[in-house]
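Residue-level listing of the chains:
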Amino acid sequence: MANITFLEAVAQAQREEMARDESVFLMGEDVSGNVYGSSGGLLDEFGPQRVLDTPICESGFTGVAIGAAMVGMRPIVDYTIASFMYLATDQLVSMAAKSSYMYGGQTHIPAVFRAAMFYNGGIAAQHSDRNYSMYMNVPGLKVVVPSNPYDAKGLLKTAIRDEDPVLIFEDGNLWGQKGEIPDEEYLLPFGQANICHAGSDVTIVAIAARVGESIKAAEALAKEGISAEVIDPRTLVPLDTATILESVAKTGRLLVVDQGHRTCGAAGEIAAMVAEKGFWNLQAPIKRLTAPDMQIPFSSALERGFYPDAAMIALAARELIEE
Amino acid sequence: MCAAVNFDISVWGGMSVDQSLLLEMYRRMGLVRQFDEAVQKLFNSGRIPGSAHLSIGQEGEVVGACMALREDDYMVGNHRSHGHPIGKGAGVNALMAEILGKSTGVNQGKGGSMHLADFSVGSLGESSIVGSGLPVAVGAALGSQMQGNDRVTLCFFGDGASNQGYFHEAMNMAALWKLPVVFLCENNGYGVTTPNNRAAALEDISARAAGYGTPSSIVDGQQCLEVYDAVTEAVERARRGDGPTLVEAKTYRYHHHSEGPLYDNMTYRSDEELAAWKLRDPLLLFREQLADSVAVADLDRMDEQVKQDIAAALEFAEQSPLPEPEEAYTHLYRTPVVVIEGELSNG
Ligand SMILES: Cc1ncc(C[n+]2csc(CCOP(=O)(O)OP(=O)(O)O)c2C)c(N)n1
Ligand SMILES: [Mg+2]
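Residues numbered from 1 in each chain as written. Chains lettered and ligands numbered in written order. Predicted model: local features only at pLDDT ≥ 70, side-chain atom pairs only at ≥ 80, totals over all residues. Heavy atoms only, no water.

A few points about the overall build of chain B
Along its length, chain B carries ten helices and nine strands. Its C-alpha atoms give chain B a radius of gyration of 21 Å, near enough to 20 Å, the size a compact globule of 347 residues would have. Projected onto its principal axes, the C-alpha coordinates of chain B cover approximately 80 × 50 × 50 Å. For chain B, with 347 residues in total, the buried portion stands at 55%. Residue pairs in contact within chain B that sit at least 24 positions apart in sequence constitute 74% of those at least 6 positions apart. Of the roughly 13700 Å² of accessible surface on chain B, a fraction of 52% belongs to carbon and sulfur atoms. For chain B, the distance from the average site of its 26 positive side-chain charges to the average site of its 46 negative ones is 1 Å. (Helix = DSSP H or I, 4+ residues; strand = E, 2+ residues; numbered from the N terminus. Rg over C-alpha atoms; globule rule 2.2 N^0.38 Å. Buried < 20%, exposed > 50% of the residue type's maximum accessible area, 1.4 Å probe, protein only. Contact = heavy atoms within 4.5 Å. Areas by Shrake-Rupley, 256 points an atom, 1.4 Å probe, with all protein chains shown as cover. Lys, Arg positive; Asp, Glu negative; His and termini not counted. Charge placed at Lys NZ, Arg CZ, Asp CG, Glu CD.)

Quick notes on the domain arrangement of chain A
Often, the extent of an interface is quoted as the loss of accessible area upon association of its parts. All names here are of chain A. Along its sequence, chain A is carved into domain 1 (2–181) and domain 2 (194–322). If you look at where domain 1 meets domain 2, you find one salt bridge. In this structure, Asp151 and Arg234 form a salt bridge, with 3.0 Å as the shortest nitrogen-oxygen distance. Elements with a contribution of two residues or more to the side of domain 1 that touches domain 2: α6 (132–136), β6 (142–144) and α7 (149–161). (Domains from an automatic or database assignment. Salt bridge = Lys/Arg side-chain N within 4 Å of Asp/Glu carboxyl O.)

Notes on the coordination of the magnesium ion (ligand 2)
Residue and element names in this part refer to chain B. Listed as protein donors to the magnesium ion (ligand 2) are Asp159 (OD), Asn188 (OD1) and Tyr190 (O); their distances from the metal cover 2.1 to 2.2 Å. All donor residues of the magnesium ion (ligand 2) come from one chain, and their arrangement in sequence is D-x28-N-x1-Y. With Asp159 in the loop between β3 (153–158) and α6 (165–176) and Asn188 in the loop between β4 (181–187) and β5 (190–191), this residue pair connects regions lying 29 residues apart in the sequence. Like Asp159, the residue Asn188 is buried in the burial classification. (Donors = N, O, S within 2.8 Å, 3.2 Å for Na, K, Ca; no water.)

What about the side chain of A:Thr62?
All names here are of chain A. Structurally, the position occupied by Thr62 is in helix α3 (residues 58–70). Residue classification places Thr62 among the buried positions, given a relative accessible area of 0%. Of the polar contacts made by the side chain of Thr62, one reaches the side chain of Tyr79; its length is 2.8 Å. (Polar contact = N/O pair within 3.5 Å; in protein donor to acceptor, adjacent residues only side chain to side chain.)

What to know about the sheet that holds β3(B)
All names here are of chain B. With respect to topology, six strands assemble into an open sheet ordered β2-β1-β3-β4-β8-β7, the strand pairing being parallel. Whereas interior strands pair on both sides, the edge strands pair on one side only; in this sheet they are β2 (123–126) and β7 (216–220). On average, each strand axis in the sheet is tilted by 15 degrees relative to the strand beside it, whichever way the strands run. Helix α5 (residues 133–147) rests against β1 (74–77), β2, β3 and β4 of the sheet, and its axis sits at about 175 degrees to β3. (Pairing = 2+ DSSP bridges. Axes fitted to C-alpha atoms, helices over the stretch in contact; angles between N-to-C directions.)

Next up, the structure:
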């Protein structure tokens, strides 16, 4: 066991997979310089071609990754900040997601696209996106949202070995968080939720950094005699609906916690799924806690309170129990 | 000539390599022309869903460029790409079946006219998002460079596509990394109804290559051999590891942007202009050029064979079954999406 940060876990996964399979390579802006901290040492070990610094052209270099994947390479694209993916979205949607389908299975795109969500840090509207929900709406993509170092490593290794385009949204607020990682190799399957805190009164489904906040809330609620079950879906596409539905069957109450915007968000999708398939098990209306449908302001005096924290989650859970 | 041979010479008994190459070019140009003529008829009779963009008039550059490649080289096309896979050596049966949305189509009925792709001959797919194939071609070339093979990627794109950011990003990366890619601009003068001179300040798209330190040339796209020679040189340069080249072929499409009545009464181009280009038809020009080296009877025989091949392709496509409705739900993912019920951990 080693106690390492989320970012170190990502770096380990990349290093191990690059050492295992020479078709795996890393590309993005400033990757060789390890500016963000997930590619340290890779340049020395694998050389400048497999740790490929790109010009600043997200749409172009995403197309390059896709073309390379078509001929047998396995690129890992590092966008650094998730907001920059918008430039690449044509390639992600029109090429990465559609090629396997549109060409009748003649090709497929085994590429990983990593993006960090840097919200809650005073970098204002254009750098603070939590945009995984947008890509859940694109069939052909897989969407991964790790919430701790252990998951970050295991899910990234699975993503690299997956034959399809996988988008990994890393929560920048978690990059420095430490966690236990086993010394032996492990991979985490997609489509398997993690029940982080078992409980029987209310189900809390939380995404990325909201998982930690929800666990804190569950611990606080436990002291008041409220038993909350916290579920981390780990992957939004595919989504482990069975685990969520089973939990709701037991608790009769669902709270979904999401740092993304409210409209057409992941929380709304999970809520709708439970409303459709688990309605008769519900004892109270489903509740969503999300960021408001508002742009992200710069001043921390303004941004504070935008993302559901432990206190807000606990309050919402209590309200659900009282309904 | 003879730099590259991407077909089976042995079938051309008694001919020199040059002669057989010329005849194969002629055959493929004929196939591209007659394929599109057949598509036009199918479209007019209401048999083709959606749209069809024909390259009648452009066969010289389509085939000239493709024939400069090796069989194991890659090629990326666009929305106007029935001919590109044919040029690259694809069989016409599965292409025609795809046009009709049949299960035997190259894409099993999932792509259609704008997305024909035959990966078995290195045709990496046509993308109908204008310009989006450019970086994908650069990526295929990067893959070849990383894998240490000497495959070259040929990327077709239109004059209209050259105004997308993709073009500039692709040129820059290809030049920067000295990638084995050849950019072939099919400058047919228009993007839909907008003439090039109302979309770009410079007349020649090739002039832009200088901005990326990349050599370029302008060729007469109606002269198959001129295109072949320029692309052969570019392919050799790419294979040597010296990086990309931009070849601009000046050409013309006889049909409007796409089939159907939409463009019937449009005046964006004149009848005189069209008539002038038709005098320089790439098939006619090529036939004239071949007169010295190939017997006219051989050319006629070839025309007849192409006619039969297209008829057989139509027959094949017509007879092929439509895909079963449940096929709409296949091929989205290669690694199946399975949901395994959650595990309990302490987070
Ligand atoms: C991104 C995008 N914008 C617009 C279109 C609609 N469209 C399809 S083809 C075309 C013209 C392309 O012109 P050019 O690149 O010169 O190719 P050509 O059709 O002349 O062969 C346009 C505007 C599209 N398919 N994709
Ligand atoms: Mg054009």
